[in-house]
Amino acid sequence: MSKPTLTAVFIAFLLTSSGAKPNGKNKKPKQVVPAIECDMRAGKIHLPEFIVKCPANCRETKEKVYGTGVFASISSICNAAVHSGVISNSGGKVIVMKMAGQATYKGSFANGVRSLSLPNWRESFSVSVGKPKKGVIYPSTLVFVPSKPTIVKTGEPKDLPYSTVSPVTETPEPELITTTAPPTTTHMTTPTTTPSTTSAKPRATVHKVREAGVHRTEIIRRQPHVPSASAPDPEDPKPPPETSHPREAPAESNPFESGFIARGPEPPARNPELSDRTQGDPNCKVDIAFLMDGSWSIGKRRFKIQKDFLAEVSQALRVGSAGPMMGIIQYGDDVVTEFSLKQFSSSSDVKPAINKITQKGGLSHVGKALSYINKHFFSDANGNRGGAPNVAVVLVDGWPTDRVEEASRLARESGINIFFVTIEGPDENEKQNVVEANFVDKAVCRTNGFFSLPISSWFALRKAVQPLVKRVCDTDRLVCSKTCLNANDIAFVIDGSSSVGTGNFRTVLQFVANVTREFEISDTDTRVGIVQYTYEQRLEFAFGQHNNKADLLNAIKRINYWSGGTSTGAAITYAADQLFSKSKPNKRKIMIVITDGRSYDDVRAPALAVHRKGVIAYSIGIAWAAQDELEYIATDPDREHSFFVDEFDNLYKYVSKIIHNICNEFNSQPRN
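Just so it is clear, the structure is predicted and the values come from calculations on it, not from any experiment.

## Observations regarding the nonpolar core
Of all hydrophobic cores here, the largest spans 73 residues; its most connected members are F290, L291, L317, I373, V393 and F420. The element contributing the most residues to this core is helix 4 (residues 299-317), with seven residues. When sequence neighbours within four positions are dropped, the list of residues in contact with I373 reads L291, I329, F378, A392 and I416. Judged by nonpolar contacts, the second largest core, of 50 residues, contains Y66, V515, V645 and F666.

Right, here's the structure in full:
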């Protein structure tokens with residue numbers, strides 16, 4: 001064989017052995033999409049961004065979803081995708097993007113799925129159509145949160161790891177699972193990368209936008225040392241959509257990191273440029289939108305009376321940055337923001353602004369006005385302060401010329417407290433012209449008369465100034481601002497008997513802390529008290545004794561194990577006398593009893609007594625606890641209020657379940 005021929009054979013052998021294709025191109029790797037069940041929650045998957053395939057008929061499983069657009073991480077991925085319209089009920093591929101937790105998640109109904117409201121969850125996620133961008137390969141194997149907690153065995157209170165993240169927070173160290181197709185995307189990193197990558201904390205540029213009655217947090221992720229050609233530059237974020245008023249500024253961008261931080265209530269921000277005169281009444285910290293009737297039916301003279309009324313209300317409110325802030329919307333055929341919440345910071349500035357308002361005319365489109373404030377008015381860009389209740393006061397001459405029920409429902413679900421001031425309502429001959437009968441009852445937060453002020457004539461309107469101001473400043477009765485996490489008095493009744501032991505008692509305290517940290521803690525929000533019992537009872541601390549989250553968690557950590565017998569019935573009676581007898585009338589009373597054995601005394605009579613006083617009772621049994629006693633203690637239905645675990649280390653499993661049940665019960669309460 002000649003020398004050239006041998007060379008050609010050798011080259012052909014090298015090409016064949018290297019796996020090269022005749023055209024010199026490697027085959028494009030195929031995206032492997034892991035399948036999940038309908039009940040898979042986003043928080044259970046420890047990846048910042050991933051793709052999954054949902055099965056069909058998830059909507060029928062009624063798995064819980066919290067939020068709209070941006071969802072709390074305890075939500076079902078698949079039902080969140082159906083709710084968002086990313087997939088239909090027949091299933092499909094979904095891309096999930098994790099993001100930082102939010103202060104509020106607003107419920108809504110969409111695509112056959114009802115999402116619930118939930119404030120203050122530690123982690124969020126969004127969903128999008130499961131079609132990866134060109135060149136992006138997502139993990140083909142999912143990294144799950146560990147199913148077992150890290151057990152700290154110690155008898156010393158100082159060693160309890162409250163500063164660490166427990167498994168129930170859904171953000172522990174991940175299990176290391178080798179993926180068959182590691183991610184090659186340039187805009188995300190997995191938790192299983194090198195220490196130098198995982199130790200750097202990703203930051204985010206945040207825009208809070210109110211759309212369709214929902215606060216949505218739009219996050220542009222910025223991973224350290226990872227360039228991205230497709231992601232927008234976080235240092236030059238796009239501003240939110242322009243509002244209807246030229247003087248309104250876009251929302252500020254604020255970097256923050258994901259994860260739960262236990263902290264007390266923050267003091268109201270103080271503007272050093274404002275004098276003490278402009279601080280307002282701190283006992284009336286509310287954000288108020290006044291919807292004034294600008295329809296032609298009102299006439300010029302009565303329109304002037306309406307302006308005078310609003311000017312008087314502004315003076316009585318004592319508008320200021322630490323107290324009430326007010327804005328005005330005029331509605332007719334169209335809806336116009338006359339001035340936003342942040343535009344004026346004192347009553348003396350508000351009054352001349354009201355005098356300059358001119359009548360726009362048209363029909364009385366109240367429903368349209370309520371939709372407008374829900375979508376556009378109560379936004380961060382317009383001065384919404386978040387911690388202040390949102391109030392809308394609607395002035396109506398006669399009756400609305402459009403429907404208000406659906407628009408007001410969406411506004412209420414967004415936390416807006418709607419008041420109606422109706423002047424010269426329809427007489428018997430005019431009722432046939434009313435578009436929606438009983439429109440006030442359909443619109444307000446409660447139909448008990450607190451949220452409605454019927455005025456017989458425009459000339460009597462001035463008499464409503466003080467009653468209206470008193471009501472909008474009564475924050476305890478602004479029920480649309482109440483949530484499942486800020487409206488409770490919670491008593492933990494903890495078994496300290498000898499059978500528990502020091503180490504297990506610390507595990508119980510960790511469970512109590514993990515439940516507690518999910519609530520908004522202050523004297524006006526949720527309050528927590530704790531009773532430890534054996535044969536005797538000891539009040540560890542009462543409601544309101546610790547009025548911020550950090551102090552409360554430290555107080556729980558300092559509780560010392562007692563040891564002794566088990567008299568659960570006497571402990572329930574003691575909690576009723578020492579804690580619930582001092583509960584505030586506007587608070588939901590919740591008792592959580594934790595025991596590891598059968599009681600030496602009767603639990604039925606004490607439990608029935610607290611049930612009759614309106615206490616919602618949960619029972620948690622461990623190891624040798626008696627099932628019949630747990631059911632006696634628990635509020636009906638037992639399956640929603642009574643739980644059992646075989647060992648103390650499994651208590652953490654019921655943290656999210658108890659929070660979910662408390663919120664579900666709150667959200668399902670009748671409106672009236």
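## Some thoughts on the state of the cysteines
Each disulfide consists of a covalent bond between the sulfur atoms of two cysteine residues. As enumerated under the stated definition, the model contains five disulfides in all. There is a disulfide in this structure between C38 and C58, and the S-S distance comes to 2.1 Å. Handedness here is read from the sign of the S-S torsion; for C38 and C58, about -85°, the answer is left-handed. On the criterion of sequence distance, the pair formed by C38 in the loop between helix 1 (3-18) and strand 1 (49-54) and C58 in the loop between strand 1 and strand 2 (67-68) is long-range, its members being 20 residues apart. What makes C58 buried here is its relative accessible area of 2%. Each disulfide pairs two cysteine sulfurs, and for C445 the partner residue is C480, the sulfurs being separated by 2.0 Å. Disulfide C445-C480: torsion about the S-S bond near -120°, hence left-handed. Of this pair, C445 sits in the loop between helix 8 (439-443) and strand 15 (452-455) while C480 sits in the loop between helix 9 (465-472) and strand 16 (488-495), and the two are 35 residues apart along the sequence. What makes C445 buried here is its relative accessible area of 0%. Take C480: its relative accessible area is 15%, and that puts it in the buried class. Cysteine pairing in the chain follows 1-3, 2-4, 5-7, 6-8, 9-10, where each cysteine in a disulfide is numbered by its order in the sequence.

## As for helix 4
Taking 1.5 Å of rise per residue, 19 residues should cover 27 Å, and helix 4 covers 27 Å from first to last C-alpha, within 8% of that figure. All of the buried residues in helix 4 are F303, I305, Q306, K307, F309, L310, A311, V313, S314 and L317. One or two steps after helix 4, the chain reaches R318, where phi turns positive at roughly 60°.

## A few points about the packing of aromatic side chains
Here the structure, examined in full by the defined rule, presents 11 aromatic pairs. For the pair F450 and F451, a centre-to-centre distance of 5.0 Å together with 85° between the ring planes defines the contact as edge-to-face. The buried category is assigned to F450, whose relative accessible area is 8%. Note that R122 overlies the ring of W121, its terminal NZ or CZ placed 4.3 Å from the centroid. Between R538 and the ring centre of W562, over which it is positioned, the NZ or CZ distance is 4.7 Å.

## With respect to unusual backbone geometry
In the segment running from D636 into P637, the intervening peptide bond is cis, with an omega of -5°. With respect to the helices, strands and loops of the structure, P637 is situated in the loop between helix 14 (627-633) and helix 15 (638-641). You will see that N111, though not glycine, has its phi angle at about 55°, which is positive. The residue N111 is located in the loop between strand 5 (109-110) and strand 6 (113-114) in this model. You can call N111 partly exposed: its relative accessible area is 43%. For A623, which is not glycine, the phi torsion reads 60° and is therefore positive. Looking at the element boundaries, A623 is found in the loop between strand 20 (616-622) and helix 14. The partly exposed category is assigned to A623, whose relative accessible area is 24%.

## Some details on the packing of helix 4 against helix 5 (residues 347-355)
Closest axis-to-axis distance for the helix 4/helix 5 pair is 9 Å, and the angle between their directions is 175°. Judged on the interaxial angle alone, helix 5 and helix 4 are roughly antiparallel. Every residue of helix 5 that contacts helix 4 at K307, L310, A311, S314 and Q315 is listed here: S347, V350, K351, I354 and N355. Residue composition of the contact of helix 4 with helix 5, by class: four nonpolar, four polar and two charged.

## Looking at the sheet that holds strand 16
Read from one edge of the open sheet, six strands run 18-17-16-19-20-21, paired in mixed fashion. The open sheet has two edge strands with one neighbour each: strand 18 (537-541) and strand 21 (642-645). Strand-to-strand twist across the sheet, computed as the mean angle between neighbouring axes with direction ignored, equals 20°. When strand 17 (residues 527-533) meets strand 18, the two strands line up antiparallel, connected through four bridges. Pairing of Y533 across the sheet is with Q537, part of strand 18. In the packing of helix 10 (residues 502-516) onto the sheet, contacts are made with strand 16, strand 17, strand 19 (588-595) and strand 20, and the angle to strand 16 comes to roughly 170°.

## Examining the side chain of S522
Position of S522 among the secondary structure elements: in the loop between helix 10 and strand 17. Within the local environment of S522, its side chain forms a polar contact with the side chain of D525, the two groups lying 2.8 Å apart.

## Some points on the environment of R598
Among the structural elements, R598 can be located in the loop between strand 19 and helix 13 (604-612). With relative accessibility at 46%, the residue R598 sits in the partly exposed group. Sequence separation of R598 and T566 is 32 residues, and the distance between their C-alpha atoms is 7.3 Å. Within the structure, the side chain of R598 is placed 3.2 Å from the side chain of D628, a separation counted as a polar contact.

## Topic: the sheet that holds strand 11 (residues 325-331)
Within a beta sheet, neighbouring strands are joined by backbone hydrogen bonds and run either parallel or antiparallel to one another. Read across the sheet, six strands follow the order 12-11-10-13-14-15 without closing on themselves; strand pairing throughout is mixed. Strands at the two margins of the open sheet, each flanked by one partner only, are strand 12 (335-339) and strand 15. Averaged over all pairs of adjacent strands, the angle between their axes in this sheet comes to 20°, without regard to strand direction.

## A closer look at the pairing of strand 10 (residues 287-293)
The side chains of a regular strand alternate between both faces of the sheet. Buried residues dominate strand 10, accounting for seven of its seven residues. With burial as the criterion, each face of strand 10 is covered, one bearing D287, A289, L291 and D293 and the other bearing I288, F290 and M292. Bridge count between strand 10 and strand 11: seven bridges; the pairing is parallel. Residue pairing across strands places A289 opposite G327, the latter belonging to strand 11. At this point the chain moves from strand 10, through helix 4, to the parallel strand 11, and the crossover so formed is right-handed. Bridge count for strand 10 against strand 13 (residues 390-397) is five bridges, and the pairing is parallel. Its bridge partner being in strand 13, F290 is matched across the sheet by V393.

## A few points about the pairing of strand 13
In terms of burial, strand 13 is largely enclosed, as eight of its eight residues are buried. Residues N390, A392, V394 and V396 line one face of strand 13 and the alternating positions V391, V393, L395 and D397 line the opposite face, and both faces are buried. Alignment of strand 13 against strand 14 (residues 416-423), held across eight bridges, turns out to be parallel. Within the sheet, the bridge partner assigned to D397 lies in strand 14 and is I423. Taken together, strand 13, helix 7 (residues 405-413) and strand 14 form a β-α-β motif whose crossover is right-handed.

Calculation rules
Residues numbered from 1 in each chain as written. Predicted model: local features only at pLDDT ≥ 70, side-chain atom pairs only at ≥ 80, totals over all residues. Heavy atoms only, no water. Core = buried A, V, L, I, M, F, W, Y, C linked by side-chain atoms within 4.5 Å. Buried < 20%, exposed > 50% of the residue type's maximum accessible area, 1.4 Å probe, protein only. Helix = DSSP H or I, 4+ residues; strand = E, 2+ residues; numbered from the N terminus. Contact = heavy atoms within 4.5 Å. Disulfide = S-S within 2.5 Å. Expected span 1.5 Å × (residues − 1). Phe/Tyr/Trp six-rings, centres within 6.5 Å; stacked < 30°, edge-to-face > 60°. Lys NZ or Arg CZ within 6 Å of the ring centre and 35° of its normal. Axes fitted to C-alpha atoms, helices over the stretch in contact; angles between N-to-C directions. Parallel < 35°, antiparallel > 145°, perpendicular 65-115°, else oblique. Nonpolar A, V, L, I, M, F, W, Y, C, P; charged D, E, K, R; others polar. Pairing = 2+ DSSP bridges. Polar contact = N/O pair within 3.5 Å; in protein donor to acceptor, adjacent residues only side chain to side chain. Right-handed = clockwise from strand over helix to strand, strands pointing away.

Just geometry here; none of it tells us what the structure is for.
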